[in-house]
Amino acid sequence: MDPSQVPVLGVPEPPEVADLRRLSADIVRLLAERASDRHRGLRPIVGSAAIAQELTRLEPMAAKSIRVLQPQYGYDPEDPGVPLTRLACSRGVEFELITRPATVATHPLLSSIFPGTLLGPCFLRAVVIDESAALVGGVDDADGNRVTWFTEASALVEAVTDLWLATVPQCEPILGPGEKPPLTERQLDVAGLICLGEKDDAIARAVSVSLRTAEREVAAVLAALDARSRAEAVLMMRGRRINSAEAVRGPSRRRGR
């Protein structure tokens, strides 16, 4: 079956979404063809550690923009992409992320970490840097390692850029007009430490605040997540709020709306 014609719950997708699925499938086919031909300008990067190293290498090279397509995105308190993105943004680089609406359930901190995120139909994992280089997700290898391809081949970079531009009109912002991120940067640091199992005294030392302030920040994180305990907060941050009424109803794009 043509990927552009795959139905969702038995209902054909809108033409605009089907076009995005088709464009994504075309890029995957082009990537596979060039990979099989050992095309120059196409380099495989295998495994999460190698991908993180590649992102670290590429970050200083970004001068204007970093555009990310990420269909599935879960929270990781040690995700190297977050500090790298902050570093690039501090240099004036524009960062733009598109992910699926369901990501708000698997990554409830996303609107605080990247408040400019767009939610919409997304079928390809890719990063485009300055419209001159790209990282494009491929099929995992036989051992289950994630494989990403680095390319400066104009045909592939242009194809991913065109896909990005075609996706933007189908998206909505993760935050509404005038809506502020639920957590401050310090509270995000506290959330990460909670997720790593740190207690209040260790959190206070790590973020250089008093114990009382650390306790208030922990309470703020739990309140923002609507979590009744630290254990539930960790499950929610990990995208595993299994026994909640919200999980039964399905993910909501914006909490409190």
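The rules behind the values
Residues numbered from 1 in each chain as written. Predicted model: local features only at pLDDT ≥ 70, side-chain atom pairs only at ≥ 80, totals over all residues. Heavy atoms only, no water. Phe/Tyr/Trp six-rings, centres within 6.5 Å; stacked < 30°, edge-to-face > 60°. Helix = DSSP H or I, 4+ residues; strand = E, 2+ residues; numbered from the N terminus. Lys NZ or Arg CZ within 6 Å of the ring centre and 35° of its normal. Salt bridge = Lys/Arg side-chain N within 4 Å of Asp/Glu carboxyl O. Buried < 20%, exposed > 50% of the residue type's maximum accessible area, 1.4 Å probe, protein only. pLDDT = per-residue confidence, 0-100. Contact = heavy atoms within 4.5 Å. Pairing = 2+ DSSP bridges. Right-handed = clockwise from strand over helix to strand, strands pointing away. Arc of directions from axis to C-beta. Axes fitted to C-alpha atoms, helices over the stretch in contact; angles between N-to-C directions. Polar contact = N/O pair within 3.5 Å; in protein donor to acceptor, adjacent residues only side chain to side chain.

1. Re the packing of aromatic side chains
And then number 1: Taken as a whole, this structure holds 1 aromatic pair when the rule is applied.
And then number 2: Between the aromatic rings of Phe-95 and Phe-114, the centroid separation amounts to 4.7 Å while the plane-to-plane angle is 40 degrees, which identifies the pairing as tilted. Here the residue Phe-95 occupies a position in strand E3 (residues 94–99), and Phe-114 occupies one in the loop between helix H5 (110–113) and strand E4 (118–119), the gap between them amounting to 19 residues.
And then number 3: Sitting above the plane of the Phe-150 ring, Arg-57 keeps its charged end 5.3 Å from the centroid.

2. Overview of the pattern of salt bridges
And then number 1: The tally for this structure, following the rule as stated, stands at 13 salt bridges.
And then number 2: Linking Arg-21 and Glu-13 is a salt bridge whose minimum nitrogen-to-oxygen distance equals 2.5 Å.
And then number 3: You can call Arg-21 buried: its relative accessible area is 18%.
And then number 4: Residue Glu-13 is classed as buried on the basis of its relative accessible area of 14%.
And then number 5: Glu-185 is the salt-bridge partner of Arg-86, the closest N and O atoms lying 3.9 Å from each other. Of the two residues, Arg-86 sits in helix H3 (residues 81–90) while Glu-185 sits in helix H7 (residues 185–195), which places them 99 residues apart along the sequence.
And then number 6: Owing to a relative accessible area of 33%, Arg-86 belongs among the partly exposed residues under this scheme.
And then number 7: When salt bridges that share partners are traced, they join Asp-19, Arg-22, Asp-26 and Arg-29 into one network.

3. Regarding the confidence of the model for the chain
And then number 1: Mean pLDDT over the chain stands at 88; residues scoring 70 or higher make up 88%.
And then number 2: Averaged over each element, pLDDT in the chain is lowest for helix H11 (residues 245–249) (40) and highest for E4 (98).
And then number 3: Scored below 50 in pLDDT, residues 1–5 shows 9 contacts in the model against residues more than four places distant or in partner chains.
And then number 4: The low-confidence segment residues 244–257, where pLDDT is below 50, has 27 contacts with residues more than four positions distant or belonging to other chains.

4. A word on the pairing of E3
And then number 1: As paired strands, strand E2 (residues 65–70) and E3 are joined by 6 bridges and run parallel to one another. Counterpart to Arg-67 in the pairing with E3 is Glu-96.
And then number 2: Between E2 and its parallel partner E3, the chain crosses via H3, and the hand of that crossover is right-handed.
And then number 3: Pairing analysis gives 2 bridges linking E3 to E4, with the strands arranged parallel. By the bridge assignment, Thr-99 is partnered in E4 with Leu-119.

5. Remarks on H3
And then number 1: Of the residues making up H3, those classed as buried are Gly-81, Val-82, Leu-84, Thr-85 and Ala-88. In an axial view of H3, the angular spread of the buried residues amounts to 165 degrees, which keeps them on one side of the axis.
And then number 2: Elements that come into contact with the buried residues of H3 comprise helix H2 (48–58), E2, E3 and H5.

6. Regarding the sheet that holds strand E6 (residues 133–137)
In sheet architecture, strand pairing relies on hydrogen bonds along the backbone and comes in two forms, parallel and antiparallel.
And then number 1: The strand order across the open sheet built from 8 strands is E1-E7-E6-E5-E2-E3-E4-E8, with neighbouring strands paired in mixed fashion. Only two strands of the sheet have a single neighbouring strand rather than two, namely strand E1 (42–46) and strand E8 (172–173).
And then number 2: Running at roughly 130 degrees to E1, H2 makes contact with E1, strand E5 (126–129), E6 and strand E7 (147–151) of the sheet.

7. Comments concerning the side chain of Thr-99
And then number 1: Mapped onto the fold, Thr-99 is located in strand E3.
And then number 2: A polar atom in the side chain of Thr-99 sits 2.7 Å from the side chain of Thr-103.
And then number 3: Thr-99 has contacts with Gln-70, Pro-71, Tyr-73, Leu-110, Thr-117, Leu-118, Leu-119, Gly-120 and Cys-122, leaving out every residue within four places of it along the chain.

8. Digging into the pairing of E6
And then number 1: Across the 5 residues that make up E6, a large majority, 5, are buried.
And then number 2: Because side chains alternate across E6, one face comprises the buried residues Ala-133, Leu-135 and Gly-137, and the other comprises Ala-134 and Val-136, equally buried.
And then number 3: Two strands pair when backbone bridges link them, and E5 and E6 are joined in this way by 4 bridges, in the antiparallel orientation. Bridge assignment links Val-128 to a residue of E6, and that residue is Ala-134.
And then number 4: Where E5 hands over to E6, the hairpin turn is made up of 3 residues, of which Asp-130 adopts a positive phi near 55 degrees.

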